[in-house]
Amino acid sequence: MSKVVCKSCGKELPNRGFACSCGYMEEMDDKTLWKIVSSYGKLHDVATVITYTGIAAFLIGSLMAVFGNVVAGIVTVLIGTVLLFGGGIWKSNLHGLQSQLLNDRLGAFFDAEHKRIVGPYTVFKKNEDYEKFRGVLKATSVFKDGNEFEARQLVEGTFKGMHYTTANVSINHCEKKEYRDNDGDLKTETDRTKLFDGIWIIVQQAKAVENAVYVHERKVKRNGKYDVKALPAGIELENTEWGEKYAVYSDSQHDAFYVLTPQLMEQLEALDKAAGARTSVAFVGEHIHFALDTERVFRGVEAAAAGNINSIADMKNAFLDTLKYEAEILDIIKCNSFIKLTQETEIR
């Protein structure tokens, strides 16, 4: 394959010859861009098949070795290992190439629309920023049993004068357990229980309470009732209907009743409906944390992997839908009288 060089600086172009580090990009219409994006998606599917073939070969080879065909089993295991790791690395590289291509071509569009619909923002990309944010999640004790915190799409911005920090977050409780295998050897495995998976939003309090107040929405059981036993109330509420749906915890009943205004109750119900989520809120320190347990995400558009996206226009529309969804959620949160409208919100 002949090399493709930059028409501006003469360097060889990376990323299959579409863009250069000097800022030059080959001209490309949306139809051509989608064709390339789709090709990455199809190759990603091939890499997935190779990965699963590797897993199958590894398992089959292991069984062959156990049941006497040692040489053939070892060879099959080695082949499976190569396919498994090779397919996984290829998938990762393809995803990176696709993401870089879309960012190069559509980054300006995404940035302009985000500012137009939601407002000014900053995207955090450094590992230390994410580590700091994970520390914030842990320190809040909103999900006190959580010991594994993951965050994606970490953003800080301003929406109609309300400054916020948000990310797509997963919180798990991981517990290592020891057991002995069939040979009597001591092994360790990790049990992982999902506590939260959704959108996390942090805003500043205008009327900070001295003691933290936590409000958790309970899960619904198969019979349609809320699971009160799994999440018992720390503070009993006068509104019994609302008390069945939400569990409230605080070291101070006074502070709990102070923040549990009719406005907050209406706000949580509105968030449930708009976000399609199970909503929890926590008043901790100088901040209010809204935790929306939902399959939806902020700023999450999977290109070729999404079955309902068949063109660049579809991708742009999908991105706009996520921004409108985000703006709707932030608009509901902004109505809380406890929220401080200020010039700066920091991750602490």
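One can find the structure itself at the top, above this paragraph.
Reference entry: report on the structure contained in this document. Within every chain, residues take consecutive numbers counted from 1 along the sequence as written. pLDDT decides what is reported in this predicted model: residues at 70 or higher carry local features, side-chain atom pairs at 80 or more are listed and counted, and totals for whole chains, interfaces and linings draw on all residues regardless. Hydrogens are left out, water is left out, and the side-chain values use all remaining heavy atoms of the structure.

Quick notes on the overall build of the protein
Here is step 1: Under the scheme used here, helices are H or I runs from DSSP no shorter than 4 residues and strands are E runs no shorter than 2 residues, and both carry numbers assigned from the N terminus. What the protein contains, in helices and strands, is 7 helices and 8 strands.
Here is step 2: Each of the three principal axes of the protein carries a C-alpha extent, and together these read 70 × 65 × 35 Å.
Here is step 3: Counting all 348 residues of the protein, 41% fall into the buried class.
Here is step 4: Note on contacts: a residue pair is in contact if any heavy atoms of the two residues lie within 4.5 Å. The long-range fraction of contacts in the protein, counting pairs at least 24 apart against all pairs at least 6 apart in sequence, stands at 64%.
Here is step 5: Seen as two clouds, the 42 positive and the 47 negative side-chain charges of the protein have centres 4 Å apart. Burial classes follow relative accessibility: with a 1.4 Å probe on protein chains only, a residue under 20% of its type's maximum area counts as buried, one over 50% as exposed, and anything between as partly exposed. Counting rule for charge: Lys and Arg are taken as positive, Asp and Glu as negative, and neither His nor the chain ends is counted. Positions of charges follow a simple convention, taking NZ of Lys, CZ of Arg, CG of Asp or CD of Glu.

Brief notes about the sheet that holds strand E5 (residues 213-217)
Here is step 1: Note on pairing: DSSP must find at least two bridges between two strands before they are called paired. Pairing in this open sheet of 8 strands is antiparallel, and the strands run E1-E2-E3-E4-E8-E7-E5-E6 from one edge to the other. Two strands bound the open sheet, and with one partner strand each, they are strand E1 (121-123) and strand E6 (246-250). Between one strand axis and the next, the sheet turns by 20° as a mean value, whatever way the strands run.
Here is step 2: Interaxial angles span 0 to 180 degrees and are taken between N-to-C directions of axes, which are lines fitted to C-alpha atoms, for helices over the stretch in contact. Against the sheet, helix H6 (residues 262-275) contacts E5, E6, strand E7 (278-284) and strand E8 (287-293), and its axis sits at roughly 140° relative to E7.
Here is step 3: Most of the contacts of helix H7 (residues 312-334) go to strand E3 (residues 162-180), to which it runs at about 100°, and overall it touches strand E2 (148-159), E3, strand E4 (186-204) and E8.

Quick word on helix H2 (residues 70-117)
Here is step 1: Consider a residue and the seven residues that end there alongside the seven that start there; fitting an axis to each set, the bend is the angle between those axes. If you look at H2, its biggest bend is around 65°, right at leucine 106.
Here is step 2: Immediately beyond the C-terminal end of H2, within one or two residues, lies glycine 119, with a positive phi of roughly 130°.

Some details on the packing of helix H1 (residues 30-66) against H2
Here is step 1: Two elements in contact, H1 and H2, have axes whose closest approach is 7 Å; the angle formed by their N-to-C orientations is 160°. If you check the angle between H1 and H2, you find them roughly antiparallel. Regarding H1 and H2, the two cross each other, and that crossing is left-handed.
Here is step 2: Tallied by class, residues from the contact of H1 with H2 come to 24 nonpolar, 15 polar and 2 charged. If an angle is under 35 degrees, it is roughly parallel; if it is over 145, roughly antiparallel; if it lies from 65 to 115, roughly perpendicular; otherwise it is oblique. Whether a crossing is left-handed or right-handed is set by the direction in which the near helix is turned from the far one by less than a right angle, anticlockwise for left-handed and clockwise for right-handed. When residues are sorted by character, Ala, Val, Leu, Ile, Met, Phe, Trp, Tyr, Cys and Pro go into the nonpolar class, Asp, Glu, Lys and Arg into the charged class, and all the rest, Gly among them, into the polar class.

Here's the deal with the nonpolar core
Here is step 1: Ranked by internal contacts, the top residues of the largest apolar core, which has 57 residues, are Ile201 and Ile329.
Here is step 2: Per element, the largest residue contribution to this core is 11 residues, and it comes from H7.
Here is step 3: Look past the residues within four positions of isoleucine 201 in its chain and what remains in contact with it is Tyr164, Thr165, Thr166, Ile288, His289, Phe290, Leu292, Phe298, Ile329, Leu330 and Ile333.
Here is step 4: Residue types Ala, Val, Leu, Ile, Met, Phe, Trp, Tyr and Cys, when buried and joined through side-chain atoms within 4.5 Å, form a set referred to as a nonpolar core. Formed by 20 residues, the second largest nonpolar core is a distinct cluster that contains Leu137, Trp200, Ala282 and Ala291.

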